[in-house]
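An overview of the molecular structure
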There are 2 protein chains.
Amino acid sequence: MANIQQVAQKAGVSVATVSRVLNHAASVSPKTRLKVENAIKELNYEPSMLGRNLRNSESRLILVLLPSVSNPFYTDIINGIQTTAIANSYHILLCETDSNPQRENIYFNMIKNKLADGVISMDPTVNMQKLNELAESHPVILCSEYEEGGSIPYVTIDSELAAYQAVKHLITLGNEKIALINSDEKFLYARQRRSGYERALKEFNLPTRAEWIYHTKDLEFQNGVQAIRMLLELEEKPTAIFAVSDTLAIGALKGINGSGLHVPNDLAIVGFDNISFSNMTNPTLTTVSQPMYKMGCTAANLLMQSMKGEQVESVVLDHDLIIRESTMG
Amino acid sequence: MANIQQVAQKAGVSVATVSRVLNHAASVSPKTRLKVENAIKELNYEPSMLGRNLRNSESRLILVLLPSVSNPFYTDIINGIQTTAIANSYHILLCETDSNPQRENIYFNMIKNKLADGVISMDPTVNMQKLNELAESHPVILCSEYEEGGSIPYVTIDSELAAYQAVKHLITLGNEKIALINSDEKFLYARQRRSGYERALKEFNLPTRAEWIYHTKDLEFQNGVQAIRMLLELEEKPTAIFAVSDTLAIGALKGINGSGLHVPNDLAIVGFDNISFSNMTNPTLTTVSQPMYKMGCTAANLLMQSMKGEQVESVVLDHDLIIRESTMG
DNA sequence: AATCATTTTGTAATCGATTACAAATTTCTG
DNA sequence: CAGAAATTTGTAATCGATTACAAAATGATT
């Protein structure tokens, strides 16, 4: 592969002139520009990013931290980030942390090593202390999960409100005994969704029972199956379920189908996230839709701003309640 | 962020010595090594990958081409690639082509630009001509989809055999009217799976009917729903379905459930790929499991070899038929 | 034609590492 | 302890681009 020197030689100009042509600088006469362009074509030259990156001390790579690519929750966010990044001639590096601090370190080092210019973190288990440290000297944006009162800009939705509306939807369908399948409340969104759940119940003077709130360890399908098993063994069984994630809801659905009960006649279910599979289950799942794609675009745009050195403000986006078969009795 | 010069100065040695310490070269006395290590710690120094990469003319980045990250089919392969890459101190760049030639070009250019050292392509719609051109001067490995008789090394399974076994399974359950939901036969795997399907039918002297072979445009859930709708309108309805992908099978399942028929009593279904969701459906789905994770590892290992300049041989891995509720009448 | 302003081009330093080769230091040997 | 051998360290070139500044070429004005 030819380098800039060889192009310059072939075109009979200096490397500076070639570089000017490459970067569309104004001050090149049409005549020499043509000579250079011909030389580039003849030699089949492609500028090396390695040289360029070193000189510009940027890699035009951004890191996207997430616990696992297998989680369908992230796919559309990633698409949004990706599209925005490419439009700004950046590339994204998907970084699976597996909630493993060692992996996380590898990625943080890539930033310090100048192998990447900025980070978008979607990992709720990320080491916030380290991330904050990193954010002091490098552009960092949080997406979806964030730190209340923290200094890192974020993009998210109003989880409390979304949960409130989801539960209210169940209430207006006539349900009075509504259970919550929540994840670990060490996560901010879990606390917010619980709070929305309780606000709706209080507003309608419905009972809140501790045994109707089930906390799962993870957000996996199996955790949902487990949760519904416990809830169905209660003396006072709920007639509706609000699960804080679709995978949990789909697990619950599977559990209910297995126990001979019918959704939504015996039990209504609302999930959260509107993952693509929520539309493929039987019955299809009512769920809260986050504007995933837009979240991704927004996060990427904030990061671009931050990398330009501009000040950025956090963004809260709108959500939607998608009503499907699992609540249409 | 400090650079190697500053470290050298602080330690009172030359940059060459610092570099030697960084790269664990043998010929550094313990005394100076200590001095350098202290200086590194004091200055909180991290070597810049940009400088290192330029000098070594490598980026230690590998490209993974795939049509879409949203497809659960790829997640475990990606995991395998990722793990192997990290173990060899490479990073992977997930490249969504969206089957869009322009996007593809961007990624091919990254290789030419030295922004990445090699490619693993899992994109069945990839421009094979361009990929072959690229492969002449850069390391390329195909994963899952491949070119018969081509010169690019690949990792895959024996699709024909897997299809044969899946259909044989349906036959031994007593089914005589077996439909195939295939994707576009421009794809090699589609032709191979059809061939396996036909081999099984022939072996048991069962009828093959053109109307029992349905070709979908894409591998999406909706295509499966559409397919089963057509098949159920036939005069001579099949009693079993073999779908060449789980998403199609799950679409078919949803369609059957919706029509009031029962799986597996009225219709048995076998899918292909064992995506995680195939275990969450109701009923759970019998499917052919490809060793996804291992495929990823193998592909990455082949690429590592190829990047070292070694000759590499293609690999065919074993598959499994996972029997679940959708064929357990 | 001489002078000055403007545009175009070239020279050389620079980004931050690695490494061949030379130089300096230490260790070994008789 | 002199000199050879082995080890450690330093000097300077190098990877491939960008860009400040200087120099050259062109054009405008009188």
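Reading the values: rules and limits
- For every chain, the first residue of the written sequence is number 1, and numbering continues from 1 onward in sequence order.
- Numbering of ligands from 1 and lettering of chains from A proceed in the order in which they are written.
- Totals for whole chains, interfaces and linings use all residues, but because this is a predicted model, local features are given only for residues with pLDDT of at least 70 and pairs of side-chain atoms are given and counted only at 80 or more.
- Hydrogens and waters are ignored; side-chain quantities use all the structure's heavy atoms.
- Secondary structure is summarised from DSSP: a helix means a run of H or I of at least four residues, a strand means a run of E of at least two, and numbering begins at the N terminus for each.
- We compute the radius of gyration from the C-alpha atoms alone; for a globule the expected value is 2.2 Å times N to the 0.38, where N is the number of residues.
- Accessibility here uses a 1.4 Å probe with only protein chains present; expressed as a share of the type maximum, an area under 20% marks a residue as buried, one over 50% as exposed, and anything in between as partly exposed.
- With residues, only the protein chains shown are counted as cover, and all accessible areas are computed by Shrake-Rupley using a 1.4 Å probe.
- We treat Lys and Arg as the positive residues and Asp and Glu as the negative residues; His and chain ends play no part in the count.
- Each charge is placed at NZ for Lys, CZ for Arg, CG for Asp and CD for Glu.
- Pairing of aromatic side chains here covers Phe, Tyr and the six-membered ring of Trp, requires ring centres within 6.5 Å, and sorts the geometry by plane angle: under 30 degrees stacked, over 60 edge-to-face, intermediate tilted.
- Look at NZ for Lys and CZ for Arg. If either is within 6 Å of the ring centre and within 35 degrees of the ring normal, a charge sits over the ring.
- Two strands qualify as a pair provided that DSSP identifies no fewer than 2 bridges between them.
- The directions considered for the arc are those from the helix axis to the C-beta atoms.
- To obtain each axis, a line is fitted to C-alpha atoms, and for helices this fit is confined to the stretch in contact; angles are then taken between N-to-C directions over 0 to 180 degrees.
- Two residues qualify as a contact provided that any one of their heavy atoms is within 4.5 Å of a heavy atom in the partner residue.
- Buried and open spaces are told apart on a 1 Å grid over the protein atoms alone, a cavity being a set of points where a 1.4 Å probe fits but cannot get out and a pocket being an open set with protein on both sides within 12 Å along at least five of seven lines. Residues with an atom within 4 Å of a point are the lining residues.
- Grid points are joined across faces, edges and corners, and a volume is the space filled by probe spheres set on the points.
- Residues are grouped as follows: Ala, Val, Leu, Ile, Met, Phe, Trp, Tyr, Cys and Pro are nonpolar; Asp, Glu, Lys and Arg are charged; every other residue, Gly included, is polar.
- UniProt positions are given in the numbering used here, feature names are shortened, and annotations may be inferred rather than shown by experiment.
- Roughly parallel covers angles under 35 degrees, roughly antiparallel covers those over 145, roughly perpendicular covers 65 to 115, and oblique covers all other angles.
- Two helices that cross are described as forming a left-handed crossing if the nearer one is turned anticlockwise from the farther one by less than a right angle, and a right-handed crossing if clockwise.

**Here's the deal with the overall build of chain A**
For chain A, the helix and strand inventory stands at 12 helices and 12 strands. What you see for chain A is a C-alpha radius of gyration of 26 Å, clearly larger than the 20 Å of a compact globule of 329 residues, by over 25%. When its C-alpha atoms are laid out on the principal axes, chain A stretches across 90 × 35 × 30 Å. Across the 329 residues that make up chain A, the buried fraction comes to 55%. Accessible surface, chain A as shown: approximately 14300 Å² in total, 46% of it carbon and sulfur. Of the charged side chains in chain A, 29 are positive and 36 negative; the average position of the first set lies 10 Å away from that of the second.

**Quick look at the packing of aromatic side chains**
Per the stated rule, a full pass over the model turns up nine aromatic pairs over all chains. Centre to centre, the rings of phenylalanine 187 of chain A and tyrosine 189 of chain A are 5.8 Å apart; their planes meet at 10°, and the pair counts as stacked. Take phenylalanine 187 of chain A and tyrosine 189 of chain A: they sit in the same class, and that class is buried. The ring of phenylalanine 272 of chain A has arginine 193 of chain A sitting right over it, with the charged end atom 3.6 Å from the ring centre. Taking NZ or CZ as reference, arginine 199 of chain B lies 3.9 Å from the ring centre of tyrosine 164 of chain B, over its face.

**Topic: the pairing of strand 10 (residues 286–289) of chain A**
All names here are of chain A. Here strand 10 shows a buried face lined by Thr286 and Val288 and a second buried face lined by Thr287 and Ser289. Strand direction decides the pairing type here: strand 10 and strand 12 (residues 320–322), joined by three bridges, are antiparallel. By the bridge assignment for strand 12, threonine 287 is matched with isoleucine 322.

**Examining unusual backbone geometry**
Only a minority of non-glycine residues have a phi that is not negative, and only a minority of peptide bonds are not trans. Residues and elements named next belong to chain A. For the peptide bond that leads from valine 263 to proline 264, omega is 5°, which places it in the cis range. With respect to the helices and strands, the residue proline 264 is situated in the loop between helix 11 (246–258) and strand 9 (268–273). Although it is not a glycine, asparagine 44 sits at a positive phi angle of roughly 60°. Position of asparagine 44 relative to the elements: it lies in the loop between helix 3 (30–43) and helix 4 (49–56). A residue is classified by how much of its surface remains accessible, and asparagine 44, at 56% relative accessible area, is exposed. Phi is positive for serine 99, which is not a glycine, with a value near 55°.

**A few points about helix 1 (residues 4–11) of chain A**
Residue and element names in this part refer to chain A. Looking only at helix 1, the buried set comprises Val7, Ala8 and Ala11. The arc enclosing the buried residues of helix 1, seen along the axis, measures out at 100°, which places them on a common side. Opposite the buried face of helix 1, by more than 90 degrees, sit the exposed residues Gln5 and Gln9. Immediately beyond the C-terminal end of helix 1, within one or two residues, lies glycine 12, with a positive phi of roughly 70°.

**Details of the sheet that holds strand 10 (residues 286–289) of chain B**
Residue and element names in this part refer to chain B. The mixed open sheet is built from six strands, whose spatial order is 7-6-8-9-10-12. Each edge of the open sheet is held by one strand with a lone partner, namely strand 7 (213–215) and strand 12 (320–322). In this sheet, neighbouring strand axes are inclined to one another by 20° on average, regardless of whether the strands run parallel or antiparallel. Pairing analysis gives three bridges linking strand 8 (residues 240–243) to strand 9 (residues 268–273), with the strands arranged parallel. Residue pairing in the sheet places isoleucine 241 in a bridge with isoleucine 269 of strand 9. Together, strand 6 (178–182), strand 8, strand 9 and strand 10 form the strand contacts of helix 11 (residues 246–258), whose direction differs from that of strand 9 by roughly 155°.

**Here we look at empty space enclosed by the protein**
Going through the model one piece at a time under the given rule, you end up with three cavities of 30 Å³ or more. Lining the largest cavity are 15 residues, with Thr281 and Asn282 of chain A together with Met280, Thr281 and Asn282 of chain B sitting closest to its centre. Of the residues assigned to the lining of the largest cavity, the class counts are seven nonpolar, six polar and two charged. Of the voids in this model, the second largest cavity is the one considered here, and its volume is about 70 Å³. Looking at the second largest cavity, the residues that line it are Met49, Leu50, Asn53, Ser59, Leu61 and Leu115 of chain A together with Leu50, Asn53, Ser59, Leu61 and Leu115 of chain B. Those elements that provide at least two residues to the lining of the second largest cavity are helix 4 of chain A together with helix 4 (49–56) of chain B. By residue number, the principal contributor to the lining of the second largest cavity is helix 4 of chain A, which donates three residues.

**Description of the UniProt feature "domain: HTH lacI-type" (unreviewed entry) in chain A**
The UniProt feature table records "domain: HTH lacI-type" (unreviewed entry) at residues 2–56 of chain A. Secondary structure content for residues 2–56 of chain A is 69% helix and 0% strand, and the end C-alpha separation is 21 Å.

**Observations concerning the packing of helix 6 (residues 101–112) of chain A against helix 5 (residues 75–87) of chain B**
In the contact formed by helix 6 of chain A and helix 5 of chain B, the axes pass within 13 Å of each other and the chain directions differ by 65°. Taken as axis vectors, helix 6 of chain A and helix 5 of chain B run roughly perpendicular relative to one another. Of the two elements, helix 6 of chain A crosses helix 5 of chain B, and the hand of that crossing is left-handed. Across the interface between the two elements, Arg103, Ile106 and Tyr107 of chain A of helix 6 of chain A pack against Gln82, Thr83 and Ile86 of chain B of helix 5 of chain B. Of the residues contributing to the contact of helix 6 of chain A with helix 5 of chain B, the split by class is three nonpolar, two polar and one charged.

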